[in-house]
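The chain contents come next:
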There are 2 protein chains.
Amino acid sequence: MVADPTITSFTIRDLRFPTSLDNIGSDPMNTAGENAHGYIVYHTDVPGLEGIGWSFSNGQGNEVLCAGINALAPRFVGRKLSSMTKNFGETHRNFLGGQTRFMSPERGVMQLASNAVLNALWDLWAKVESKPLWKLICDMTPQELVNTIDFRYITDVLTKPQALAMLTALESTKAQRMQQALADKAVPGYNTSVGWLGFTDTEVEAKLQDAVNAGFRHFKLKVGLGLDVDRKRLGMVRRIAGDEAVIYTDVNQLWDVDEAIEYMPHLADLNLAFIEEPTSPDDILGHSKIRAALKPHGIGVATGEHVNNRVMFKQLLQAEAIDAVQLDALRLSGINEILSVCLMAAKFGVPVIPHSGGTGMPELCNHISHFDFVAISGKQSILEYTDHCHEYFTDPALFTRGFYHAPTAPGYSCQITDEAFRRFECPQGEFWKSKRGLEMLGDPWRGCAAEQTS
Amino acid sequence: MVADPTITSFTIRDLRFPTSLDNIGSDPMNTAGENAHGYIVYHTDVPGLEGIGWSFSNGQGNEVLCAGINALAPRFVGRKLSSMTKNFGETHRNFLGGQTRFMSPERGVMQLASNAVLNALWDLWAKVESKPLWKLICDMTPQELVNTIDFRYITDVLTKPQALAMLTALESTKAQRMQQALADKAVPGYNTSVGWLGFTDTEVEAKLQDAVNAGFRHFKLKVGLGLDVDRKRLGMVRRIAGDEAVIYTDVNQLWDVDEAIEYMPHLADLNLAFIEEPTSPDDILGHSKIRAALKPHGIGVATGEHVNNRVMFKQLLQAEAIDAVQLDALRLSGINEILSVCLMAAKFGVPVIPHSGGTGMPELCNHISHFDFVAISGKQSILEYTDHCHEYFTDPALFTRGFYHAPTAPGYSCQITDEAFRRFECPQGEFWKSKRGLEMLGDPWRGCAAEQTS
């Protein structure tokens, strides 16, 4: 008999990897960031059974994220897991309501916090079913799957019956895709670790050669350093990876709408697949205008890393503003909302290419890309790969010969090792008590462009 | 000589008014909320001179807002006021950057927190100049005013030179509007306090009669209770306030796009000026579709209370989605961003009608409506009025004969009385230590629709 654990209490922890010291994650907007997690463990009445979830920040202010998780987490204490998952879509809607709603709604810190809490429920559910999360979802009937989703605010493009029909139509071919997934041939990857902005040319070159050797044929580089610098770095990719390599570019919201339209055509001869985050992630009409302007130059547009909810993605799709739905595993409100975005993307025929450029993101996104391929879109896409910090996960994302491996451990691959907490929990971990760590914590402008002076 | 204070330290306080006990603020989405403030005081090296700012939540989770303020506030400690205000637009841009940016960006809790911190700077600046904030802004030259604004992400509709030209064109008539403002004839009000959802019909009727006697001719009622109930309550306004009264309606995001389009025409014969927040505040295209559908029925569309930043307002204007820019004094990132939204609204010819439906909001919005009239749009609009909790402000918003009075005390009218803190600071205030207060704090689902049970 499958257990139906009751959640008895929770623990929240603040974990910050000092990634800025190696320029990991550096881009034109975020010159120095520490990949950081607000981490929650739901304890249960079943010995050894825990639900783990976390969400992401860029270091400073991670305690705000933890406070957000702490504000929401009590709602599920004392509850049986099945009472939440039975009508999970309804649970989700109620969970996003109440007094805490006004502060966002469905955006920013509270949205990230809701994600951590819901991840912990999904992790617990998958463990109870002894399945990796992606397979828990793929094994659901279409009806079970749509019951986990709240369709509020998206029924003008996708209703529950429509979603049900879409999923049902894919059922007959699902077993075949499942075989492909179990053979670790479902989710190819593209490599971002070659091109962090803070890397020297020598570092980029060495990383590129390693990535080519590891089977990568798709690469992403940060741009926006000025045309000369950009051309030099992009040319390096072409030289080392060849004319067949697919190159993505990313400028992390640096530009206004017209700047993007002016800048990118100058790089068109380098055959770039898309420019990611050309402007504010909130600018749906702006992305639409940029995409239309760059189309004649063969350059697509992508965004999603900072797109806060399904309503924004709905409009990016309606406005034909993007060539890739780069949803983020932490930004949206849990797997529930991620499923709704995957369904809308499938309906519009736009591939889901999750944002996976931070510590632990590949671990989570790997589940998303697998269930999207097997159960939602039915089409192969690609997933961002970054090479840092996998050693701190008990169920790390594996990548060989160009493909992510399908996760096999029960749960959502959320668990972080004791060693990581010993070193990087904030403020009591070894690193944050060190001289360098204390200096970094004591700088209120860390990672800001300027304004340090009085 | 005008002082140039240096900020030496800050204090943050968590204040929650138990407004839900009187059904104040109740609406279809927020059935029970406690108007709450994350409150910051910047102390300076000038005796008696402080900068005060606060932002707003709906009670539960207000400690998250306070944590957000605490994460940002250190950035200005040790700085001279003039070093921030000299190029305030640039200061603002840098302030929104750095590691904290990733959690939003420019949305949700961190956006609210940035607002509180910036309000404290503006309050301090106005006090140093011995002017009420609205007048500090109106007395600026066009060049000084545009220097306080960061135009990032809006240059496709409004550049700094364009804004400068707009402001310059209004200069010759400014003195006349200033006279009107100083005579307390600049900002008429509409009354929302008559129509909170939790009020009984008898309460609504009594409140209406009082409001008519106080000179109100514009009223807002919550709808979405079902057509019969809505018609009955709206009919009450017509009966008591007469055919000439202007009626606004508000459904606080209850509906999906097609529901709004289906529902509202059934009420068209009641002659309703607009429906506020018909759906998700993020749904620009949805509002545009709703507005087009309701136009033949004579019903306009308004939103803004939950519109998080200038990029969203820019698009609501571009998409011709709204008849009123209901910007919120707390939701946007300080007066700096509010000015940019007022300028865009003026450019598109859409009136600014600030959201002012919570404790202390009339105090702040009164400044905004005054400077919008005198210096930005040059056109008279209207401002929401709610009658609760003014007694807790040292410089309360005054309203007589249909008009708000222009604030006269130096600063931004942000200061809250010691009595309010004694009673309502959380958790140590008198009310929150009482049995009822502790019960309310102990209910993690307070104000949620359901899901309390296991």
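By the naming in an unreviewed UniProt entry, chain A is Enolase C-terminal domain-like protein, taken from Pterulicium gracile. Of chain A, the UniProt comment under Cofactor (unreviewed entry) reads exactly: "Mg(2+)".

**Observations regarding the pairing of strand β7 (residues 272-276) of chain B**
All names here are of chain B. Burial analysis of β7 places four of its five residues in the buried class, which makes it a mostly covered element. The handedness of the strand β6 (residues 246-250) to β7 crossover, carried by helix α11 (residues 257-263), is right-handed. The pairing of β7 with strand β8 (residues 300-303) spans three bridges and is classified as parallel. Pairing of E276 across the sheet is with A302, part of β8. Handedness of the crossover joining β7 and β8 through helix α12 (residues 284-294) is recorded here as right-handed.

**Points about the relation of the copies chain B and chain A**
Turning chain B through 180° and shifting it by 0.0 Å along the axis lays it on chain A, with an RMSD of 0.0 Å. Within this description, the copies of the chain are treated as partners about a two-fold rotation axis. Judged by C-alpha distance, G108 of chain B is the residue of chain B that lies nearest the rotation axis, at 2.2 Å. When the interface residues of chain B are mapped onto chain A, 100% of them are again interface residues, pointing to one common binding face.

**Thoughts on the domain arrangement of chain A**
Residue and element names in this part refer to chain A. Partitioning chain A into domains gives domain 1 (7-131 + 417-441) and domain 2 (166-404). The straight-line distance from the C-alpha centre of domain 1 to that of domain 2 is 24 Å. Counting residues at the interface gives 33 residues for domain 1, matched by 34 residues for domain 2. Both faces combined, the contact of domain 1 with domain 2 buries some 2700 Å², and carbon together with sulfur accounts for 60% of it.

**What to know about the UniProt feature "domain: Mandelate racemase/muconate lactonizing enzyme C-terminal" (unreviewed entry) in chain A**
The feature "domain: Mandelate racemase/muconate lactonizing enzyme C-terminal" (unreviewed entry), as given by UniProt, occupies residues 201-297 of chain A in the numbering adopted here. In this annotation, residues 201-297 of chain A is assigned 47% helix and 15% strand; the end-to-end C-alpha distance for the span is 27 Å.

**Digging into the pattern of salt bridges**
Per the counting criterion, the structure on display carries 56 salt bridges over all chains. When the shortest N-O distance is used, the salt bridge between R107 of chain A and D282 of chain B registers 2.2 Å. Placement of the pair is R107 of chain A in the loop between α3 (88-95) and α4 (108-128) and D282 of chain B in the loop between β7 and α12, with the two residues belonging to separate chains. An identical accessibility class is assigned to R107 of chain A and D282 of chain B; each is buried. For the salt bridge of R310 of chain A with E337 of chain A, the shortest nitrogen-to-oxygen distance reads 2.8 Å. Taken together, the residues R310 of chain A in helix α13 (residues 310-318) and E337 of chain A in helix α14 (residues 334-348) connect sequence positions 27 residues apart. For the pair shown, R310 of chain A and E337 of chain A are each scored as buried.

**A look at the interface of chain B and chain A**
The interface is formed by 83 residues belonging to chain B together with 83 residues belonging to chain A. Of the roughly 6700 Å² buried at the junction of chain B and chain A (both faces included), carbon and sulfur atoms supply 54%. When residues of chain B are sorted by the area they lose upon contact with chain A, Q99, F102 and M103 of chain B head the list and together hold 14% of the total. For the interface between chain B and chain A, the tally reads four salt bridges. Of all the secondary structure elements, the ones that give two or more residues to the side of chain B that touches chain A are β3 (50-57), α1 (62-72), α3 (88-95), α4 (108-128), α11, α12 and α13 (310-318) of chain B. Looking at the side of chain B that touches chain A element by element, the count peaks at six residues for α1 of chain B.

Each value, and the rule that gives it
- Residues numbered from 1 in each chain as written.
- Chains lettered and ligands numbered in written order.
- Predicted model: local features only at pLDDT ≥ 70, side-chain atom pairs only at ≥ 80, totals over all residues.
- Heavy atoms only, no water.
- UniProt positions renumbered as here; feature names shortened; annotations may be inferred.
- Buried < 20%, exposed > 50% of the residue type's maximum accessible area, 1.4 Å probe, protein only.
- Helix = DSSP H or I, 4+ residues; strand = E, 2+ residues; numbered from the N terminus.
- Right-handed = clockwise from strand over helix to strand, strands pointing away.
- Pairing = 2+ DSSP bridges.
- Least-squares fit on C-alpha atoms with pLDDT ≥ 70 in both.
- Contact = heavy atoms within 4.5 Å.
- Domains from an automatic or database assignment.
- Buried area = accessible area lost by both parts, 1.4 Å probe.
- Salt bridge = Lys/Arg side-chain N within 4 Å of Asp/Glu carboxyl O.

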